[in-house]
Amino acid sequence: MIYYLCIGGDTMSIYNYEVENMKGQKVKLEDYKGYTLLIVNTASKCGFTPQFEGLEELHKKYYDKGLRILGFPCNQFLRQDPGSNKDIMEFCQLNYGVSFDMFAKVSVKGKEQHELYEYLVANTPERTNKKVKWNFEKFLISKDGEIKHRYLSTVKPESLVDVIEAELQ
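In this text, all values refer to a predicted model and were calculated from it rather than measured experimentally. Each chain has its residues counted from 1, following the order in which its sequence is written. Given that this is a predicted model, residues contribute local features only at a pLDDT of at least 70 and side-chain atom pairs are listed and counted only at 80 or more, while totals for whole chains, interfaces and linings are drawn from all residues. Calculation of side-chain values draws on the structure's entire complement of heavy atoms; hydrogens and water are dropped beforehand.

Enquirer: Can you walk me through the nonpolar core in this structure?
Expert: Core analysis: the largest hydrophobic core is formed by 26 residues, its most contacted members being Ile14, Ile39, Phe72, Tyr117, Leu120 and Phe139. Comment: elements are numbered from the N terminus, with helices defined as DSSP H or I runs of at least four residues and strands as E runs of at least two. Put simply, the parts of the chain that give this core at least two residues each are strand 3 (36–42), strand 4 (67–73), helix 3 (115–123) and strand 6 (138–141). A total of five residues in this core trace back to one element, the largest contributor, which is helix 3. If we skip the residues at most four places from it in the chain, Phe72 touches Val19, Ile39, Val40, Asn41, Thr42, Phe103, Ala104, Val106, Leu116 and Tyr117. Counting 21 residues, the second largest nonpolar core, distinct from the first, contains Leu38, Met102, Leu140 and Tyr151. Take the buried residues of types Ala, Val, Leu, Ile, Met, Phe, Trp, Tyr and Cys, join any two whose side-chain atoms come within 4.5 Å, and each joined set is a nonpolar core. For each residue, the accessible area found with a 1.4 Å probe, counting protein chains only, is set against the maximum for its type, and the residue is called buried under 20%, exposed over 50%, and partly exposed in between. By the convention used here, residues are in contact when the closest approach between their heavy atoms is within 4.5 Å.

Enquirer: Sorry, what's going on with the packing of aromatic side chains here?
Expert: Given two aromatic rings, one states the distance between the centres and the angle between the planes to describe the pair. Only centres within 6.5 Å qualify two rings of Phe, Tyr or Trp (six-membered ring in Trp) as a pair; their planes then separate them into stacked at under 30 degrees, edge-to-face at over 60, and tilted for everything else. As enumerated under the stated definition, the model contains nine aromatic pairs in all. Judged by centre distance (6.1 Å) and plane angle (80 degrees), the ring pair of Phe72 and Tyr117 falls under edge-to-face. Within this pair, whereas Phe72 is found in strand 4, its partner Tyr117 is found in helix 3, the two being separated by 45 residues in sequence. Judged by relative accessible area, Tyr117 falls into the buried class, the value being 0%. Directly above the ring of Tyr63 sits Arg68, whose terminal nitrogen or CZ lies 3.6 Å from the centroid. Our definition puts a charge over a ring when NZ of Lys or CZ of Arg is within 6 Å of the ring centre and also within 35 degrees of the ring normal.

Enquirer: Would you mind going over the side chain of Arg68 with me for this structure?
Expert: Structurally, Arg68 is set in strand 4. The charge count includes Lys and Arg as positive and Asp and Glu as negative, but it does not include His or the ends of the chains. Any carboxyl oxygen of Asp or Glu that lies within 4 Å of a side-chain nitrogen of Lys or Arg is treated as forming a salt bridge with it. Here Arg68 is buried and forms no salt bridge, its nearest opposite-charge partner Asp101 lying at an N-O distance of 6.0 Å. Among the polar contacts made by the side chain of Arg68, one reaches the main-chain carbonyl oxygen of Tyr63 at a distance of 2.8 Å. Setting aside anything within four residues of it in sequence, one finds Arg68 in contact with Tyr32, Tyr35, Thr36, Leu37, Leu38 and Tyr63. Under the rule applied, a polar contact is a pair of N or O atoms within 3.5 Å (in protein, one hydrogen donor and one hydrogen acceptor; residues adjacent in sequence only if both atoms are side-chain atoms).

Enquirer: Help me understand unusual backbone geometry in this model?
Expert: Across residues other than glycine, the phi torsion is negative in most instances, and most of the peptide bonds are trans. Not every positive phi belongs to a glycine, and Leu78 is a case in point at roughly 55 degrees. Owing to a relative accessible area of 65%, Leu78 belongs among the exposed residues under this scheme.

Enquirer: I tried to follow helix 1 (residues 51–62) on my own but got confused; where do I start?
Expert: Quick reminder: α-helices carry 3.6 residues per turn. Residues three or four places apart thus point the same way. The terminal C-alpha atoms of helix 1 lie 16 Å apart, and with 12 residues this matches the ideal 16 Å at 1.5 Å per residue to within 8%. Restricting attention to buried positions, one finds in helix 1 the residues Gln51, Phe52, Gly54, Leu55, Glu56, Leu58, His59 and Tyr62. The inward-facing, buried residues of helix 1 abut strand 3, strand 4, helix 2 (85–96), strand 5 (101–102), strand 6 and helix 4 (161–168). For a helix, the expected span equals 1.5 Å multiplied by the residue count minus one.

Enquirer: I tried to follow the sheet that holds strand 6 on my own but got confused; where do I start?
Expert: Taken in spatial order, the five strands of this open sheet run 5-4-3-6-7, and their pairing is mixed. Edge positions in the sheet fall to strand 5 and strand 7 (147–151), since each has one partner strand and no second. Pairing between two strands requires that DSSP report at least two bridges joining them. In the sheet, strand 6 pairs with strand 7 via four bridges, with the strands oriented antiparallel. Bridging from a neighbouring strand, Phe139 pairs with Arg150 of strand 7. Think of each axis as a best-fit line through the C-alpha atoms, taken over the contacting stretch in the case of a helix, with angles from 0 to 180 degrees between the N-to-C directions. Against the sheet, helix 1 makes contact with strand 3, strand 4, strand 5 and strand 6, and its axis sits at roughly 155 degrees relative to strand 4, the strand it touches most.

Enquirer: Explain the state of the cysteines to me, please; I cannot follow it from the model alone.
Expert: What we call a disulfide is simply a covalent bond connecting the sulfur atoms of a pair of cysteines. For the purposes of this analysis, a disulfide is any pair of cysteine sulfur atoms at a distance within 2.5 Å. Applying the stated criterion across every chain, the model contains zero disulfides. The thiol of Cys46 is unpaired, and the distance to the nearest cysteine sulfur, on Cys74, comes to 10 Å. Cys74 gets classed as buried once you look at its relative accessible area, which sits at 0%.

Enquirer: Explain the confidence of the model for the chain to me, please; I cannot follow it from the model alone.
Expert: When pLDDT drops low, the exact placement of atoms in the prediction is not to be read closely. Confidence of the predictor at the level of single residues is given by pLDDT, which spans 0 to 100. Scored by pLDDT, the chain has a mean of 90; 93% of the residues are at 70 or more. Counting interchain partners and residues more than four positions distant, the pLDDT-below-50 stretch residues 1–10 has 21 contacts.

Below you can see the structure in the form of structure tokens.
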């Protein structure tokens, strides 16, 4: 497994990153310490967009048990999320009732890749150092911040129930 190092020699973890929410506020991922996370790059105009429904179902079913779903809109795959953060959030809430945490649009690959996605891609047990292929790729993170699994877009959220339940134990 590859780990990034901070200045001073401390091992990097997912909790070292800061992201921006849909309102433009900075959010430290350390605020999610102790929770199981499912991190997903999303898009509003994609063949996989109906996965918002499955993600929302997981959110409602497992939120009280410690699951947090973090959605990161991305416009890098055939420009399938061209709207503003406000437009994206309105779309998600209106069409899919999304109530899980959504963040500002990010780049998940290439020269502008967000540092969180650099870390996820470099430290995942599946497809290590392979770029994100498409929208709705998923990363499952344990309560202690370990990247446990990486799932391609074709893996539906509802098929992750068993692994999520195992992580929530």
